[in-house]
Amino acid sequence: MKSSESPILRFEKVSVAFDGVPALIDVSFAAYASDTRVILGAAGSGKTVLLKTALGLARPDSGQVFIFEKRIDNLKERDLIDIRSQVGMLFQESALFDSLTIEENVAYPLENQRAIHCPPEQIRPRVVETLEFVELGGTLEKFPSELSGGMRRRAAIARAVVTGPRLVLYDSPTAGLDPITAHTIIELLIKHRDVAHTTTLVVTHRYQDGNLVANFRYNSEQGRLEPARNGNGRGARTIFMVLREGRLVFEGDQEQLESSTDEYVSKFVKRRE
Amino acid sequence: MLDLLKGPAIAAEEFFTLTGRALRNIFRSPHYSADIIIQMDTIGVGSFLVIVLVGFFAGVVMALQMAHALRSYGQVSKTGTLVAITLARELGPVLSALMMAGRNATGIASELGSMKVTEQIDAMRALGTDPVQKLVTPRVVATGVMLPMLTVIADFVGLFGGWLVAILFLGLTSVQYWNTAWRALDWKDDVLQGLLKPLVFGLTLSLIGCFYGLRTTGGTQGVGRATTQAMVASAVFILILDVMITKVFVGQGGG
């Protein structure tokens, strides 16, 4: 399966522990270009740690992590900075800098990531363009505390994707949001994935998020989502992963997930609305 | 027994690693000059009033206490000497540093702690910035520069407080007071000691604030805990370092 292609992100027997408590145990997988990975699991199952390990924010105790075929688990913090410029991450609670305006937040990676080399005169146009992409064009001068939870999440997505990363990691993008706003956020995620053709990892505990991501594509001509099945396949695939107490207990497509007889795995499928 | 020592040993190692990185970053790019200026304003200018108050009341109290003690020997005219020496060597640096610990080490710990628990520190790393370079070094530089300046101000305001006591309650003339105070200060010993101490205290309390802030865990409760720990540790280390620096100067034959 895609053996001739180089994976964008690869974990090889990765284990991570904090103060002796294991958070990830022997996790191995490979995500390829334009793949979408939906990572399900209960609270504390290691979903966030997996994303942070992929970005080098958490260090594995054993195993190897490769991004764009470059091993990153043994790199120094300064050397990781250039790798991270090719990866976008949405943090669970948005993690916008509350002392900066939305414009300054979104401009932050353009101004601070050395590898981006964004000319100063191009920063504002790119920020405006990205904020318009997430439909937050009128919020440049506002501070994060002045925005609603859903708007903050969209601003954080803008900050994560403004540099045009090839790999985007979303940590619980719909957590704490009402169903309508959550749907809007997932729409936005799909829109970015299909417009920018990124490899996308989405951590969530809501099966309906994964269901949308797996079965819908963004139609840029009509400017809205449409079902990806019945001849409208997007030429890429969505793989579901289920974590349990730090172990990867399931990896497969939606059909395999829905037909799984594992009691823990099926808990997430049964929650479909 | 070894298990009991493991936690403090790891914390000490982490603290010295942070210290090394923060100080090394002073000489490495990128330099966040704007952040240093903002921190100088917050830490230095923001602490001005409280430092003036502390200096003034320390000078007043020292003049009253010293005059009372000197009266037994008929040496009330030497009040300026004792006020100047105690302020320049001890009370100015230590009281200013303790106030700074209460105001800024805690402020730094709570600010960085809040950023840590809301993942802003991780976001900063993810977005291409070294949090030590961006957050710690500017605070350490700003505190290291501003605390000696504030201490000098506290010393002079304290001397002014002592002068008020001297002329209002002790019957001394202004010339008597300022002459004895000025002559008492030895530039090589007192002034060096009086500036070295706040520099060391400033670096220490800002590093302690950053250290506890950056290792905050456990949500808002953790931020509160980090703030308290920063205050207690800063105060304790200021007093310990004061003894050590004083011992070095006294051991060298200073007054």
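To be clear, the structure that these remarks concern was listed above.
Q: Tell me about the overall build of chain A, and please be specific about residues and values.
A: Scanning chain A from N- to C-terminus turns up 9 helices and 12 strands. Here chain A has a C-alpha radius of gyration of 18 Å; the compact-globule value for 273 residues is 19 Å, and the two agree. A total of 273 residues make up chain A; the buried ones form 45% of that total. Partitioning the contacts of chain A with sequence separation of at least 6, the portion at a separation of at least 24 is 64%.

Q: Got a sec to walk through the interface of chain A and chain B? Specific residues and values, please.
A: Of the residues lining the interface, 18 residues belong to chain A; the matching set on chain B comes to 11 residues. Of all elements in the fold, only helix 2 (77-84) and helix 3 (102-112) of chain A reach the threshold of two or more residues within the side of chain A that touches chain B. When the residues that make up the side of chain A that touches chain B are grouped by side-chain class, the tally is 9 nonpolar, 4 polar and 5 charged.

Q: Requested: an account of the environment of Gly213(B), with residues and values cited.
A: Residue and element names in this part refer to chain B. Among the structural elements, Gly213 can be located in helix 7 (residues 187-214). Residue class for Gly213 comes out buried when judged on the 29 C-beta atoms lying within 10 Å of it. Residue contacts for Gly213: discarding those within four places in its chain leaves Ile108, Ala109, Glu111, Leu112, Gly113, Lys116 and Ala226.

Q: With reference to specific residues and values, describe the nonpolar core.
A: Grouped together as the largest cluster of nonpolar side chains are 141 residues, with contacts concentrated most on Ile39(A), Met89(A), Ala158(A), Leu169(A), Val83(B) and Ala97(B). Among the elements that take part in this core, helix 3 (residues 79-117) of chain B stands out by supplying 18 residues, more than any other.

Q: Can you explain unusual backbone geometry? Please cite residues and give values.
A: With an omega of 0 degrees, the peptide bond running from Ser29(B) to Pro30(B) counts as cis. Tracing the chain through its elements places Pro30(B) in the loop between helix 1 (2-24) and helix 2 (33-71). In this model, Ser94(A) sits at a positive phi of 75 degrees, which is unusual for a non-glycine residue. A residue is classified by how many C-beta atoms lie within 10 Å of it, and Ser94(A), with 27 of them, is buried. For Glu245(A), which is not glycine, the phi torsion reads 45 degrees and is therefore positive. Tracing the sequence through the fold places Glu245(A) in the loop between strand 11 (238-244) and strand 12 (247-252).

Conventions used here
Residues numbered from 1 in each chain as written. Chains lettered and ligands numbered in written order. Predicted model: local features only at pLDDT ≥ 70, side-chain atom pairs only at ≥ 80, totals over all residues. Helix = DSSP H or I, 4+ residues; strand = E, 2+ residues; numbered from the N terminus. Rg over C-alpha atoms; globule rule 2.2 N^0.38 Å. Buried ≥ 20, exposed ≤ 12 C-beta atoms within 10 Å, placed from the backbone. Contact = placed C-beta atoms within 7 Å. Nonpolar A, V, L, I, M, F, W, Y, C, P; charged D, E, K, R; others polar. Core = buried A, V, L, I, M, F, W, Y, C linked by C-beta atoms within 7 Å.

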